[in-house]
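Report on the structure
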Amino acid sequence: EFLIFVDADMTFDKNYLKNLISPLEQDKRIIGTTHDYEIATNIHNKISLLWGEVRVSKNEAGNIKIFKAIRKNKFLELGGFDSKYGYADDQTFWIKYKLKPKVANDTICYHRNPETLDETFKQARWIGASWKTRFKIFSIPLVNIIFLGILLLFFYLIVFIKALQGGKNNKSLSFGFRLKFYYYKFKGYLAGLSRAIFFDENFK
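The structure presented is a predicted model; accordingly, all values stated were derived computationally and were not measured. (Residues numbered from 1 in each chain as written. Predicted model: local features only at pLDDT ≥ 70, side-chain atom pairs only at ≥ 80, totals over all residues. Heavy atoms only, no water.)

**As for the pairing of strand E8 (residues 108-111)**
Cut-off, in case you're wondering: Each residue gets one of three labels from its accessible area relative to the maximum for its type: buried under 20%, exposed over 50%, partly exposed in between, using a 1.4 Å probe on protein chains only. Strands are runs of DSSP state E lasting at least two residues, helices are runs of H or I lasting at least four, and both sets are numbered from the N terminus onward. Any two strands with at least two DSSP bridges between them are considered paired.
Every second residue of E8 is oriented toward a common face, the buried set being Cys 109 and His 111 and the non-buried set Ile 108 and Tyr 110. Where strand E2 (residues 10-12) lies against E8, 3 bridges are found, and the strand directions are antiparallel. Residue pairing for E8: Thr 11 is matched across the bridge by Tyr 110.

As structure tokens, this is what we get:
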């Protein structure tokens, strides 16, 4: 009756599943739900810490576009997740139909952040590859190439600024370390976006 989506690197509290589907059982008008709090489990790692400890806060939960539970018949009726969105395939119903899930109370989820520079690059590359289908500007011929060129032109400036900003909440990490992290992260974004624009391809 209900479909629940769980990542391989996710764990959750004892009543997570029960609370996640509770709104669906109580109100048939609700299509699906999402959890109200998501935090990283491996913030002991410096790189994971730069990705952020709180992945979804209770204040931001209402803006989440990812369904963690959904009625099976509605999922099939809407055509399921579309793989062309790559990293954002679980946002299919928002991208196509502007549908957002209802936030289910008391649903805490624990997730793992990338822990190495190589993992950071690959994660960012996967995210960047999804931008072409997520953001209309990257789907317009010539315009997307011009915009990509602007990003490349200001690449090092963006990395430098992000490294400075990253020190506000992570003062224990050296500027050089933060600089290296954002270099790999934004290099991954650009690699994924470039691949999608020139080869029309999504990949991990």
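**Notes on unusual backbone geometry**
Of note in this structure, Lys 98 is not a glycine but carries a positive phi near 60 degrees. Mapping Lys 98 onto the fold places it in the loop between helix H4 (92-97) and strand E7 (102-103). Although it is not a glycine, Asp 106 sits at a positive phi angle of roughly 55 degrees. Within the element layout of this structure, Asp 106 appears in the loop between E7 and E8. For Asp 106, a relative accessible area of 56% translates into the label exposed.

**A few points about the packing of aromatic side chains**
Under the convention used in this document: Each aromatic pair joins two rings of Phe, Tyr and Trp (for Trp, the six-membered one) with centres within 6.5 Å, and gets the label stacked for planes under 30 degrees apart, edge-to-face for over 60, and tilted for any other angle. Both a distance and an angle decide whether a charge sits over a ring: NZ of Lys or CZ of Arg must be within 6 Å of the ring centre and within 35 degrees of the ring normal.
Throughout the structure, instances matching the rule amount to 19 aromatic pairs. Between the aromatic rings of Trp 131 and Tyr 189, the centroid separation amounts to 5.0 Å while the plane-to-plane angle is 35 degrees, which identifies the pairing as tilted. A residue pair is termed long-range when its members are at least 10 positions apart, and Trp 131 in helix H5 (residues 117-134) and Tyr 189 in helix H8 (residues 175-199) qualify at 58 residues. We note that Trp 131, like Tyr 189, is buried. With a centroid separation of 5.8 Å and an interplanar angle of 75 degrees, the aromatic rings of Phe 155 and Tyr 183 are classed as edge-to-face. Within this pair, whereas Phe 155 is found in helix H7 (residues 155-165), its partner Tyr 183 is found in helix H8, the two being separated by 28 residues in sequence. Take Phe 155: its relative accessible area is 9%, and that puts it in the buried class. By relative accessible area, Tyr 183 is classed as partly exposed at 29%. When the ring centre of Trp 51 is taken as origin, the NZ or CZ atom of Lys 185, which lies over that ring, is 4.3 Å away.

**Looking at the nonpolar core**
Note the cut-off: Residues enter a nonpolar core if they are buried and are Ala, Val, Leu, Ile, Met, Phe, Trp, Tyr or Cys, with the set joined through side-chain atoms within 4.5 Å. Note on definitions: a residue-residue contact is assigned when non-hydrogen atoms from the two residues lie within 4.5 Å.
If you look at the biggest cluster of nonpolar residues, it comprises 18 residues, and the most contacted ones within it are Trp 131, Tyr 182, Phe 186, Tyr 189 and Leu 193. At the level of elements, helix H2 (46-51), H5, H7 and H8 are the ones that each hand at least two residues to this core. For this core, the leading source of residues is H8, giving 7 residues. Residues contacting Phe 186, with those up to four places away along its chain left out, are Phe 155, Ile 158, Val 159 and Lys 162. The next biggest cluster of nonpolar side chains, apart from the first, holds 9 residues, and it includes Met 10, Leu 20, Ile 30 and Ala 69.

**A short note on the layout of surface pockets**
Picture a little ball the size of a water molecule; that probe, rolled over the atoms, points out where space is still empty. Formally: We place a 1 Å grid over just the protein atoms. Points where a 1.4 Å probe fits but has no way out form a cavity, open points with protein on both sides within 12 Å along at least 5 of 7 lines form a pocket, and any residue with an atom within 4 Å of a point lines it. Grid points are joined across faces, edges and corners, and a volume is the space filled by probe spheres set on the points. Ten residue types, Ala, Val, Leu, Ile, Met, Phe, Trp, Tyr, Cys and Pro, are classed as nonpolar, four, Asp, Glu, Lys and Arg, as charged, and the remainder, Gly among them, as polar.
Estimates place the volume of the largest pocket at around 1,500 Å³. What lines the largest pocket is a set of 38 residues, among which Arg 55, Ile 66, Tyr 87, Gln 123 and Ile 127 lie closest to the centre. Secondary-structure elements contributing two or more residues to the lining of the largest pocket are strand E5 (54-56), H5 and H8. If one sorts the elements of the lining of the largest pocket by residue count, H5 sits on top with 7 residues. Residues belonging to the lining of the largest pocket are distributed by class as follows: 16 nonpolar, 7 polar and 15 charged.

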